[in-house]
Amino acid sequence: MPVQKVNDSSDLDAKVPSHLQRTSITSLTMTSEPSHRCVKATVVHKGPVISCAQKDGIEMLRAEIKEEDPLQRTAEHTSINVIFFGTLAKDFSQSARQGDVVLLADFTIKKSPSFLRDKLHPCQLEMDGKDDFVYVCPSAGPSHGPSSSEAKYTYVPLNDLKPRTVVNVYGVVTFFKQPFPSKGSDYCSTLKITDQSDVKVGCNIFSKKLEDHPILFRVGDIIRLHRFKTDVFRDSMSLLNTFGWSTVTFDGTTDSPVVPRTSSKSFHFGESDIRTVQELRQWAANQSWISNDLKVSLSMVKPGMYFDLTCQLLAKAVMDSRCILLKVWDGTKCQHPLLNVAVASDALEGESTVVKDRMNLTANVLVYDNHLEVARELKPGTFLQFYNLHALLQRAPDQQPDQSEHLSFHLHGGTSYGRGLRSLPAESPALQSLKSVLEKHVDLVEYDEVNDGTLLEIWYTPPEAVVRTCEHNTRRLTLARVKRSTPPLSCHVRARVKKYKPQQLYQCLKLFCSNCKTMEDVPDDSAVAKVFRESAKDSQPCDEQWAATSSASSREPGRTISMHISRDMVGESTHMQLIFIEGTTLDEICVLSRDYKNLVPVRSVNSRMTLMDLTAPFLFSGDKRYYGCKKCSLNTFQNPVFTGVETWDEQAVAKALGVQLMQYRLLIQFELEDQTDTLEALLWENTERFFHVSAVDASGSQDLQDKIQTIMDTIQPPDSSLEERPWLDLCLSVYSVKDDDRNKVCYQITNTEIKEE
């Protein structure tokens, strides 16, 4: 049955057939009999018509309805999700809107899969149109009473947010990133907001459509968030969009009109919203962090600055697959000579900028990587906002060393510090001062001539993927030149990662003996578990005079688990810091190590205690395992000494047992490539500094191992071509080693680290 409309809410009650009973949403349960029931409620949210993969592509629409009965105002679960399928989904989409009152009957009651997320109702209603009927009464216009915004929405101050609730909030934006691709199929917007409570709250928004993301231009803008879920992340409150979410933004300038910015065709906005925006503007205007805006004009730019720039696009040119040139101006003249990027006239889209170039009015901005998608869509004449633009001094290839460097501008890859760009609407209040300055230059006439090429400039610099930390100031060499050089040598190179190994990054974790220089892989759990099983077979408790022993039967017949501590340590505060354990499996000692600081697995040989085969760890400490070198370790259980140690750590335990402690190291081999050659370089001694990760911590932490993988996916994105990968600015050490009585030249990456977000 198609959706039918009525003119008045009272007519809905008249449409209820006599065999149906009106029921409240709160009383609906999975055991309710829906065939003789109907519900009456208000449409709070209506989603789009989409294809449902679980039902062979049939069209569906999800809506949220809420009961408006005053008697139910304090009850829980007064809102419920309704799923319409097939032609009924289309009819409802065309006939109903937010605020309309609906009457639904002959629905099916199902368990709601989104209850834990949206906290609405444990059940949901499903309607496929076969025997169902839907009546819709349009909501009254705004002239009949207060706006629906005032009637329906309650806003929570940021200092009153509670975890795991769905809320509506207002806030002033203190930080934001333009939407960027997430690891999934969505775009992600990240922002931080505050209000008069001075509490700062982070917010993440995920949506497949760019136009659904909030339209933010600068710090100080006002944002309204509807239906966002609260949670605690790193001891701070955060917000995440949930079903039915929406955002509306406003310019934060005190005297500008209160004009909502949103891509939504239907949203609530009334007098109370205007008052809230004005109050937030007045409050924010007196906050110190608003005045610390990074937005400057070209006349104020100094080398090395990161800044925000409001400007107009004059022309653009594609330099290669990873770089686009944007020629922009803001009507002010930079104090430093500006680098001019010479391009052929047929490659330039937009007006000629020769006259402005000669007057030092044109800034040549080179845009890289993830910002190219926005840059490709820009049209000359568009007003732009750059965020975290970088000013650099550079010298053209044909310049002499004694000639001064020129200022260039780069929008590096990534989203650190909110880096990005976006177009601004011509009517934006933020453009009033810019337009006034540009109008002073209307008499400038551009000549239709090509650039003469006399200032052929550097147009490419690597994005900020890594940072060199060395203090020496050496020239940058090509890889071909490095391979021709004589070691020892320290130099700088710029290259891309062609490939690396091991591809399975858990294999890059190694064990290294500083005494004999042995390096080996970390044994896998199957090899370690085998050592434990063999040691536990027919094991009899050790009989050592220096040890106090307690034993217990295991679940396996014939196997006894024994724990030993030194008699010299009994009565001391450290007696539980070192425990020798015998007869366990690998799984059992891993469980025990959660509660005891240092566990040393041992076995019995002729009733004497000895260490297990050093294929297995000689020490378990929390989630960390420590190994000993088979070549350099001694068994000192004949005359062990356990006194005089205040704190037992892996070093003290190894010394007491005569074990040569092996160090955890990270080892990765890169194949680097530039325009001249390829070269294999190790990341070895500098690895922990490069990744900002300790190898021993990574050995027991999946999160840190995932961090390393994420970094590697940044410098060599999966399924990417070499041209799509970022350039890395590296410090390289060239040295020689003896290999079968021959000198072998090796290369190692040093004094370089990932620049963290």
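For the structure, see preceding data.
Residues numbered from 1 in each chain as written. Predicted model: local features only at pLDDT ≥ 70, side-chain atom pairs only at ≥ 80, totals over all residues. Heavy atoms only, no water.

1. As for the overall build of the chain
As a reminder of what qualifies: Runs of H or I in DSSP of at least four residues are treated as helices and runs of E of at least two as strands, each being numbered from the N terminus. Three labels apply to residues, based on accessible area from a 1.4 Å probe with only protein chains included: buried if under 20% of the type maximum, exposed if over 50%, partly exposed otherwise in between. All accessibility values rest on the Shrake-Rupley procedure with a 1.4 Å probe; residue burial counts only the protein chains present in the view.
The number of helices and strands found in the chain is 16 helices and 39 strands. With 757 residues in all, the chain has 48% of them scored as buried. Accessible area of the chain: about 37800 Å², with a carbon and sulfur share of 48%.

2. Some thoughts on the pattern of salt bridges
Stated formally: Here, a salt bridge means any side-chain nitrogen of Lys or Arg that lies within 4 Å of a carboxyl oxygen of Asp or Glu.
Evaluation of the coordinates by the stated rule reveals 20 salt bridges. Across the pair aspartate 251 and arginine 218 runs a salt bridge whose closest N-O atoms are separated by 3.7 Å. One end of the pair, aspartate 251, is in the loop between strand S15 (236-250) and helix H5 (271-285); the other, arginine 218, is in the loop between strand S13 (201-207) and strand S14 (222-233), and 33 residues separate them in sequence. Through salt bridges with shared partners, one network takes in Lys498, Lys499, Glu671 and Glu673.

3. Here's the deal with the side chain of lysine 316
To keep it simple, the criterion reads: We treat Lys and Arg as the positive residues and Asp and Glu as the negative residues; His and chain ends play no part in the count. N or O atoms closer than or at 3.5 Å make up a polar contact, with two conditions inside protein: a donor-capable atom paired with an acceptor-capable one, and, for residues adjacent in sequence, both atoms drawn from side chains. Contacts between residues were defined by any pair of non-hydrogen atoms, one from each residue, lying within 4.5 Å.
Among the secondary structure elements, lysine 316 is positioned in strand S16 (residues 306-320). Buried charged residue lysine 316 carries no salt bridge. Nearest counter-charge: glutamate 349, at 4.3 Å. In terms of polar contacts, lysine 316 uses its side chain to reach the backbone carbonyl oxygen of alanine 375, at 2.8 Å. Residue contacts for lysine 316: discarding those within four places in its chain leaves Leu325, Leu326, Ala347, Leu348, Glu349, Ala375, Arg376, Glu377 and Leu378.

4. Concerning the nonpolar core
Operational definition: Throughout this description, the term nonpolar core refers to a set of buried Ala, Val, Leu, Ile, Met, Phe, Trp, Tyr and Cys residues connected via side-chain atoms within 4.5 Å.
Among the nonpolar cores identified, the biggest contains 54 residues, and Val482, Ile668, Phe670, Phe691, Met712 and Leu732 are the most heavily contacted of them. No other element matches strand S24 (residues 489-501), which puts five residues into this core. Look past the residues within four positions of valine 482 in its chain and what remains in contact with it is Leu477, Cys491, Val493, Leu679, Leu732, Val734 and Tyr747. If you look at the next biggest cluster of nonpolar residues, it comprises 28 residues, including Phe228, Leu239, Leu424 and Leu434.

5. Side note on the sheet that holds strand S34 (residues 663-666)
Think of a sheet as strands paired side by side through backbone hydrogen bonds, with each pair either parallel or antiparallel. Stated formally: At least two DSSP bridges between two strands are needed for those strands to be called paired. Between N-to-C directions, angles cover 0 to 180 degrees, with each direction set by a line fitted to C-alpha atoms, over the stretch in contact for helices.
Read from one edge to the other, the open sheet built from three strands follows the order S26-S25-S34, with strand pairing classed as antiparallel. Only two strands of the sheet have a single partner each, and these edge strands are strand S26 (519-521) and S34. Strand-to-strand, the axes of this sheet are offset by a mean angle of 40 degrees, without reference to chain direction.

6. Side note on the layout of surface pockets
Selection criterion: Residues are called lining when one of their atoms sits within 4 Å of a cavity or pocket point, these points coming from a 1 Å grid over the protein atoms alone, where a cavity is a set in which a 1.4 Å probe fits but cannot get out and a pocket is an open set with protein on both sides within 12 Å along at least five of seven lines. Grid points are joined across faces, edges and corners, and a volume is the space filled by probe spheres set on the points. Residues are grouped as follows: nonpolar covers Ala, Val, Leu, Ile, Met, Phe, Trp, Tyr, Cys and Pro; charged covers Asp, Glu, Lys and Arg; every other residue, Gly included, is treated as polar.
Roughly 1600 Å³ of volume is contained in the second largest pocket. Taken together, 43 residues form the lining of the second largest pocket, with His45, Gly47, Pro48, Asp212 and Trp245 sitting closest to its centre. The greatest single-element share of the lining of the second largest pocket, amounting to eight residues, is contributed by S15. Each residue belonging to the lining of the second largest pocket can be placed in one class, and the counts come to twelve nonpolar, 18 polar and 13 charged.

7. Here we look at unusual backbone geometry
Put simply, proline 487 and proline 488 share a cis peptide bond, and its omega is 0 degrees. Within the secondary structure, proline 488 sits in the loop between helix H10 (479-484) and S24. Of note in this structure, aspartate 198 is not a glycine but carries a positive phi near 70 degrees. Unlike most non-glycine residues, asparagine 388 shows phi in positive territory, near 60 degrees. Of note, asparagine 388 is situated in strand S20 (residues 383-394).

8. Considering the packing of aromatic side chains
Given two aromatic rings, their pairing is described by the distance between the two centres and the angle made by the two planes. The test is simple: Centres within 6.5 Å make a pair out of two Phe, Tyr or Trp rings, where for Trp the six-membered ring is used; the pair is then stacked when the planes are under 30 degrees apart, edge-to-face when over 60, and tilted otherwise. Charge-over-ring contacts are defined here by two conditions on Lys NZ or Arg CZ: a distance within 6 Å of the ring centre and an angle within 35 degrees of the ring normal.
Per the stated rule, a full pass over the model turns up eleven aromatic pairs. Aromatic side chains phenylalanine 532 and phenylalanine 620 sit 6.0 Å apart centroid to centroid with 75 degrees between the ring planes, which places their arrangement in the edge-to-face category. Of this pair, phenylalanine 532 sits in helix H11 (residues 525-536) while phenylalanine 620 sits in strand S32 (residues 619-621), placing them 88 residues apart in sequence. Here phenylalanine 532 falls in the buried class, since its relative accessible area comes to 2%. Across from the ring centre of phenylalanine 243, 5.0 Å away, lies the NZ or CZ of arginine 62, which sits over that ring. In this arrangement the basic side chain of arginine 494 is found over the ring face of tryptophan 727, its NZ or CZ atom lying 5.0 Å from the centre.

9. Brief notes about the sheet that holds S15
The sheet built from five strands closes into a barrel, its strands ordered S11-S12-S13-S15-S14 with mixed pairing. Averaged over all pairs of adjacent strands, the angle between strand axes in this sheet comes to 50 degrees, irrespective of strand direction. The strands touched by H5 are strand S11 (166-181), strand S12 (187-194), S14 and S15; relative to S11, the strand with the most contacts, the crossing angle is about 65 degrees.

10. Examining the environment of lysine 192
Looking at where lysine 192 falls in the secondary structure, it is placed in strand S12. Accessibility expressed as a relative area gives 45% for lysine 192, which makes it partly exposed. Residues contacting lysine 192, with those up to four places away along its chain left out, are Val172, Val173, Thr174, Phe175, Val201 and Gly202.

11. So, helix H13 (residues 650-657)
Quick reminder: α-helices carry 3.6 residues per turn. Residues three or four places apart thus point the same way. Within H13, burial applies to Ala652, Val653, Ala654, Ala656 and Leu657. Its side-chain oxygen 3.2 Å from the backbone nitrogen of glutamine 651, aspartate 649 forms the N-cap of H13. Two residues or fewer past H13, glycine 658 is found with a positive phi of approximately 75 degrees.

12. Examining the environment of valine 277
Here valine 277 shows up in helix H5. You can call valine 277 buried: its relative accessible area is 0%. A C-alpha to C-alpha distance of 7.6 Å links valine 277 and phenylalanine 250, two positions 27 residues apart in sequence. The contact partners of valine 277, leaving out residues within four places of it in the chain, are Tyr170, Ile222, Phe250 and Val258.

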